Amino acid sequence: MKTGAWIVAIAVIGALGLTVLAQEPQATIPADSEYAGSKLCGMCHKDEKTAFAETPHAKYVPPADALEPWKHSTGWDKATGEAKEPGVQCEACHGRGKTHAGAKTEDKKTLIINPLNLDAPGKITSICAQCHAYYKPKEGDAPVAFTPGENIFEKIDLLPVEEGKAMQQVNELVGSLHHTKQHMTCIQCHTSHTEGMIPGNLRKAVPDLCVQCHADEADIAKHTEAHTTKAKEGDTCDTCHMPDDVHTFAKPPK
Ligand code: HEC
Ligand code: HEC
Ligand code: HEC
Ligand code: HEC
Ligand code: HEC
Ligand code: HEC
């Protein structure tokens, strides 16, 4: 399905209040599959490799003394304190892919995670929550054992949003109507490596991204006319509803 069609489909499904996204049975990463490394993935997936190379994830250079190294690397191993690859690479989002890489073509799809084909919105957001959430494990220390395809929220408690804190977009989103009413996930607004994406890894620029669903608010001057917050020249949706890029999508105070 083309991305646009997918977004519309999810908007409709969300509006009906259903949580099932796909019809096909979900793939799983076999417990014994190992990390293959992004180089190997890129040999077969050339388009994804090229598009991904232009993204902030691919360009990210982690600091050597990161406090939570698992949020800055791929395949960080608690036992050894070492990662398979620095930064955010293919298998951070798609799962350990060695078995997929070596499998027969007809089996490949069942052995790797395509976030679009997961059967619950929480499993999609789980992938991003490995790094973009501020949490406490229900048991033991962070990070929790997690493989894409699973639901990380069964293993963690999100902490309350802290003003000015980076990397807590999941905590912010789950408190908003976008989550509670729309079951919205990160990947409805953000792409990871598709062609034509724009800065911020957005699928579309604001305001187009927002007016897909909020056509009634397209006339900004009108919808702020009776409010103390009035629109100024150059303001757009995120100026007022995402100050400092905060993902709570709240209305400005009266
Ligand atoms: C030897 C070639 C090869 C390698 C190496 C390979 N893939 Fe694939 N991959 C494929 C093929 C072929 C398909 C399509 C299978 C199909 O459509 O049934 C595929 C499909 C996929 C899909 C889509 C699955 C779906 O359900 O839509 C993802 C995601 C993916 N690969 C990621 C990866 C990642 C990540 C790596 C590295 C760990 C990797 N691949 C390594 C050949 C490869
Ligand atoms: C930050 C998370 C993330 C990273 C890192 C990532 N992907 Fe993906 N990938 C996704 C998501 C999300 C999708 C679903 C499609 C979309 O969002 O448009 C996807 C889709 C795919 C697909 C299926 C495309 C299709 O048209 O069916 C392939 C193949 C793939 N990725 C390969 C890769 C390879 C190879 C790398 C590394 C070079 C990589 N991905 C890195 C998140 C990621
Ligand atoms: C309704 C659309 C929407 C959803 C859903 C959404 N985002 Fe965003 N996100 C945006 C927009 C718009 C920006 C601002 C981009 C810019 O200014 O360049 C942004 C910016 C970001 C940034 C950059 C912030 C910074 O301070 O540098 C990150 C990281 C991010 N989003 C991650 C996420 C994650 C993770 C999720 C899921 C929990 C998510 N987003 C869900 C629309 C969305
Ligand atoms: C392994 C950890 C990890 C995973 C998994 C991950 N991210 Fe990120 N993400 C990062 C890091 C680290 C940065 C860079 C932060 C910085 O530069 O301050 C980042 C940056 C971003 C940005 C900022 C782009 C910009 O313009 O600066 C967006 C948007 C984003 N991630 C979305 C996502 C989404 C959506 C997912 C899930 C599909 C995801 N990320 C999965 C670690 C991760
Ligand atoms: C896929 C559809 C969709 C997209 C895309 C979308 N929204 Fe929403 N948004 C909703 C729904 C559904 C609600 C809940 C409406 C309701 O309850 O009346 C909502 C509610 C809101 C609210 C009201 C929050 C409140 O507390 O009353 C704001 C503000 C908002 N969205 C801003 C945005 C912005 C800004 C963007 C773009 C970055 C955006 N939305 C993108 C569907 C969407
Ligand atoms: C200058 C600031 C500003 C800008 C720019 C702005 N809004 Fe708003 N928006 C507001 C205010 C203020 C309210 C609250 C109105 C109220 O409380 O009655 C609001 C309310 C909303 C609501 C909730 C409507 C409801 O009936 O509850 C949505 C959805 C929304 N805006 C979406 C958008 C979208 C989409 C854009 C971009 C096209 C946008 N806004 C641009 C200030 C702004």
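None of these values were measured; they are calculated from a predicted model. (Residues numbered from 1 in each chain as written. Chains lettered and ligands numbered in written order. Predicted model: local features only at pLDDT ≥ 70, side-chain atom pairs only at ≥ 80, totals over all residues. Heavy atoms only, no water.)

J.: Quick one: what's the story with unusual backbone geometry, residue by residue and with numbers?
T.: The step from A142 to P143 runs through a cis peptide bond, and the omega angle for that step is -5 degrees. Looking at the element boundaries, P143 is found in the loop between β3 (135–137) and β4 (156–158). Following V206, the chain continues into P207 via a peptide bond in cis, with omega recorded as 10 degrees. Of note, P207 is situated in the loop between α10 (177–180) and α11 (208–211). Backbone geometry at M167 places phi at a positive 55 degrees, although glycine is not the residue there. (Helix = DSSP H or I, 4+ residues; strand = E, 2+ residues; numbered from the N terminus.)

J.: Any chance you could break down the pattern of salt bridges for me, citing the residues and the numbers?
T.: Throughout the structure, instances matching the rule amount to seven salt bridges. In this structure, E34 and K98 form a salt bridge, with 3.8 Å as the shortest nitrogen-oxygen distance. In this pair, E34 is assigned in the loop between α1 (3–16) and α2 (38–44) and K98 in helix α6 (residues 98–102), connecting sequence segments 64 residues apart. The exposure class assigned to E34 is partly exposed, which follows from its relative accessible area of 48%. Taking relative accessible area as the criterion, K98 reaches 44% and is therefore assigned partly exposed. Taking the shortest distance from any N to any O, the salt bridge between K232 and D235 comes out at 3.9 Å. (Salt bridge = Lys/Arg side-chain N within 4 Å of Asp/Glu carboxyl O. Buried < 20%, exposed > 50% of the residue type's maximum accessible area, 1.4 Å probe, protein only.)

J.: Tell me what's going on with the site of ligand 6, and back it up with residues and numbers.
T.: What surrounds ligand 6 is a group of 20 residues, the closest being H223, C237, C240, H241 and K251. Side-chain polar atom of H241 to a nitrogen atom of ligand 6: 2.8 Å apart, as the coordinates give it. At 3.1 Å, a side-chain N or O of K251 approaches an oxygen atom of ligand 6. Of all the secondary structure elements, the ones that give two or more residues to the shell around ligand 6 are α11, α12 (220–224) and α13 (237–241). (Near = heavy atom within 4 Å. Polar contact = N/O pair within 3.5 Å; in protein donor to acceptor, adjacent residues only side chain to side chain.)

J.: So, the confidence of the model for the protein: which residues are in play, and what are the values?
T.: The predicted model of the protein has a mean per-residue pLDDT of 90, with 90% of residues at 70 or higher. Per-residue pLDDT stays below 50 along residues 1–22; that stretch engages in 32 contacts with residues further than four places along the chain or on separate chains. (pLDDT = per-residue confidence, 0-100. Contact = heavy atoms within 4.5 Å.)

J.: Describe the site of ligand 2, with residues and values.
T.: Looking at ligand 2, there are 17 residues lining it, with C90, C93, H94, H193 and R203 nearest. At 2.8 Å from a nitrogen atom of ligand 2 is found a side-chain nitrogen or oxygen belonging to H94. One of the side-chain N or O atoms of R203 is found 2.9 Å from an oxygen atom in ligand 2. Elements with a contribution of two residues or more to the shell around ligand 2: α3 (46–52) and α5 (90–94). With three residues, the top contributor of residues to the shell around ligand 2 is α5.

J.: Would you mind going over the packing of aromatic side chains in detail, with residue names and values included?
T.: Following the criterion strictly, the structure yields one aromatic pair and no others. With a centroid separation of 5.3 Å and 55 degrees between ring planes, the pair formed by W70 and W76 is classed as tilted. Among the residues examined, W70 registers a relative accessible area of 17% and is labelled buried. On the accessibility criterion, W76 (23% relative accessible area) is partly exposed. (Phe/Tyr/Trp six-rings, centres within 6.5 Å; stacked < 30°, edge-to-face > 60°.)

J.: Give me the lowdown on the nonpolar core, citing residues and values where you can.
T.: By size, the foremost hydrophobic cluster in this structure holds nine residues: W70, A129, A133, Y135, V144, F146, I152, I156 and V170. Excluding residues within four positions of it along the chain, I156 makes contact with Y135, K136, P137, K138 and V144. Grouped together as the second largest cluster of nonpolar side chains are seven residues, I29, I113, L118 and I127 included. (Core = buried A, V, L, I, M, F, W, Y, C linked by side-chain atoms within 4.5 Å.)

J.: Go over the coordination of the iron atom of ligand 1, please, and point to the residues and values.
T.: Every protein donor of the iron atom of ligand 1 is accounted for by H45 (NE2) and H100 (NE2), and the metal-donor separations fall at 2.0 Å. Classification of the site at the iron atom of ligand 1 rests on its six donor atoms, whose angles at the metal span 88 to 178 degrees, yielding the label octahedral. Of this pair, H45 sits in the loop between α2 and α3 while H100 is found in helix α6, placing the two residues 55 residues apart along the sequence. (Donors = N, O, S within 2.8 Å, 3.2 Å for Na, K, Ca; no water. Tetrahedral: all angles 85-135°; square planar, octahedral: opposite > 155°, others 65-115°.)

J.: Could you give an account of the environment of E162, with specific residues and numbers?
T.: For E162, the position within the fold is in the loop between β4 and α9 (169–174). The class for E162 is partly exposed, based on a relative accessible area of 39%. Filtering out sequence-adjacent residues up to four positions away, E162 remains in contact with Y134 and Q168.

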